Amino acid sequence: MTNLAKLLQPGMELKRWALLVFVGILLTSLGFAYLLVHIYRVQPLPEAAGTLTLQFIERPVRGVLFMIIGAAALLVGVVKLNQSLLTAYVRRSQGNVLESIYNYRARQRGPKVVVIGGGTGLSTALRGLKQYTSNLTAIVTVADDGGSSGRLRRDLGVLPPGDFRNCMVALADVEPLMENLFQYRFNHGSELDGHSFGNLFIVAMSEVTGNFERALRESSRVLAVRGQVLPSTLANLTLCAEMDDSITVLGESKITESGRTIRRVYLEPDDPPAYPEAVRAIEDADLLIIGPGSLYTSVIPNLLVKGIREAILGASAMKVYVCNVATEPGETDAYSVGDHVAALSRHLDGQDPFHYVLANNRLGFPMPPSGKVKPVLAPEQNNGHADPRVMLADLVDEANAVRHDSAKLAHTLIALYERGMPAANRSLVAASVA
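These notes cover the structure that comes with them. What you see is a predicted model; the values in this text were computed from it and never measured.

**So, the sheet that holds strand β9 (residues 356-360)**
If you walk across this open sheet you meet the seven strands as β3-β2-β1-β7-β8-β9-β10, and the pairing is parallel. Since the sheet does not close on itself, it has two edges, and those belong to β3 (228-231) and β10 (390-393), each with one partner. For this sheet, the mean inter-axis angle between neighbouring strands, taken without regard to orientation, is 25°. Its contacts with the sheet put helix α8 (residues 162-171) on β2 (136-140) and β3, and the angle it makes with β3 is roughly 165°.

This is the structure in structure tokens:
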């Protein structure tokens, strides 16, 4: 399909204004014609003027000729004018002007998608989904207490900025240099060692604007983010884990280091208020995606916020859980897809709200040599009872077998959304896809 044909599709919001321009030009031309007729009748034109206006040609032919020349001049003029005005705002990496306008309008009409999680998995999903819709909301955990985010949190009392930075970069519509700048990590033997520029930028912005949530909005403007990035809560909280041997571990970064099996995780304080905008986004969503990401330390902490949990359970959106492609040492060792879903259910008041569970079915790629990381197997791959909600697809990043491929994941999620919710009780389907 040509670029012009794309722009003529319904919903592009161009045809109505093109028609208005045409009517305006038609009325202006009609008025000018009346004026010329008046001049002709009041005072005959000299011979040179008659030649200039092609009076030696029959009037009907002359009219058609003027219309053709005028239409061609108008079309070329409008196209070139738009190119001159818009090229400054359209990056070369995005293609030509018409293609960029079409893509922008198509994304604006995309579904309202909310992705809940944290860590690398969340930003991977967002990077692919932003190609399909601009109505994206990322809801991010605030339990991170390790690395640069943990240091800034302890030293300055701010929410951990790392996951927010990664999500904003994933959703950004900027040149690669700006993206590289935000992800740049200092490593020169100074007090800044380990800090990323983006983390420091967000913290500085929170000081300038007066609060963290406004800092996120302004930082998103700087990066031309498609969508919005929101915290699940603004509370200063600690993620705690109760292990199988009844030992309690405090702190997100300490949980996976303990070497014990996790029974459940919980928050301190145990009832932080949900961020209102995050709740509204969930309630208004067309597609609600949980994961991918570290199950106990990135995904579940969001669900432990009561307002977020209740909004998820009560939302009318299609709900999809995206299972990790590989296990995580110290967190989900030997977990299957069913184990992931069961853990989520335990932390969702015993409920299982997912219409679909999306899992990878392409195996065979080399895992890290430590041997501690294994592919997460679906029931069919583990000789178990198949959950009819489990949708199998090739989702793995061929260059890094422990991660999702953002393009594959986004394509599969949007295809699943376009298929619609399953018919049986709006929660189960009778078949899975390979």
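**Side note on the pattern of salt bridges**
Per the stated rule, a full pass over the model turns up 14 salt bridges. A salt bridge links Arg127 to Glu179, with the shortest nitrogen-to-oxygen separation between them at 3.4 Å. Taken together, the residues span a long stretch of sequence, with Arg127 in helix α6 (residues 119-129) and Glu179 in helix α9 (residues 176-183) at a distance of 52 residues. With its nearest N and O atoms 3.1 Å apart, the salt bridge here joins Asp394 to Arg362. Taken together, the residues Asp394 in the loop between β10 and β11 (396-397) and Arg362 in the loop between β9 and β10 connect sequence positions 32 residues apart. By sharing partners, the salt bridges in this structure join Glu242, Asp244, Arg263 and Arg264 into a single network.

**Some thoughts on the nonpolar core**
A general feature of soluble globular proteins is that nonpolar side chains tend to end up buried together. Val115, Leu126, Leu129, Ile282, Leu288, Val320 and Tyr321 are the most contacted members of the largest nonpolar core, which totals 91 residues. The element best represented in this core is α8, accounting for six residues. In this structure Leu126 touches Val115, Leu136, Ala138, Cys167, Ala170 and Leu171, once residues within four positions along its chain are discounted.

**What to know about the packing of aromatic side chains**
In the structure shown here, the tally under the stated rule is seven aromatic pairs. Centroid distance Phe164 to Phe212: 5.3 Å. Interplanar angle 75°. Geometry classified as edge-to-face. Of this pair, Phe164 sits in helix α8 while Phe212 sits in helix α11 (residues 212-222), placing them 48 residues apart in sequence. For Phe164, a relative accessible area of 0% puts it in the buried group. Given the relative accessible area of 8%, Phe212 is considered buried. Between Tyr321 and Phe354, the aromatic rings sit 5.8 Å apart at their centres with planes inclined by 40°, giving tilted as the arrangement. With Tyr321 in strand β8 (residues 318-322) and Phe354 in the loop between α16 (337-346) and β9, the pair connects residues that are 33 residues apart, well separated along the chain. We classify Tyr321 as buried; its relative accessible area is 1%. The class for Phe354 is buried, based on a relative accessible area of 2%. A network of ring pairs unites the aromatic residues Phe182, Phe197 and Phe201 as a single cluster.

**Remarks on unusual backbone geometry**
Omega for the peptide link from Glu268 to Pro269 comes to -5°, which places this bond in the cis form. At the junction of Gly291 and Pro292, the peptide bond is cis and its omega measures out at 0° in the coordinates. Mapped onto the elements, Pro292 comes out in the loop between β7 (287-290) and α14 (295-303). The residue Ala224 is not glycine, and still its phi comes out positive at about 50°.

**Remarks on the side chain of Ser220**
Relative to the helices and strands, Ser220 is located in helix α11. According to the relative accessible area criterion, Ser220 is buried, its value standing at 11%. The contacts of Ser220, once residues within four sequence positions are left out, are Met168 and Val225.

Reading guide: rules and limits
- Residues numbered from 1 in each chain as written.
- Predicted model: local features only at pLDDT ≥ 70, side-chain atom pairs only at ≥ 80, totals over all residues.
- Heavy atoms only, no water.
- Pairing = 2+ DSSP bridges.
- Helix = DSSP H or I, 4+ residues; strand = E, 2+ residues; numbered from the N terminus.
- Axes fitted to C-alpha atoms, helices over the stretch in contact; angles between N-to-C directions.
- Contact = heavy atoms within 4.5 Å.
- Salt bridge = Lys/Arg side-chain N within 4 Å of Asp/Glu carboxyl O.
- Core = buried A, V, L, I, M, F, W, Y, C linked by side-chain atoms within 4.5 Å.
- Buried < 20%, exposed > 50% of the residue type's maximum accessible area, 1.4 Å probe, protein only.
- Phe/Tyr/Trp six-rings, centres within 6.5 Å; stacked < 30°, edge-to-face > 60°.

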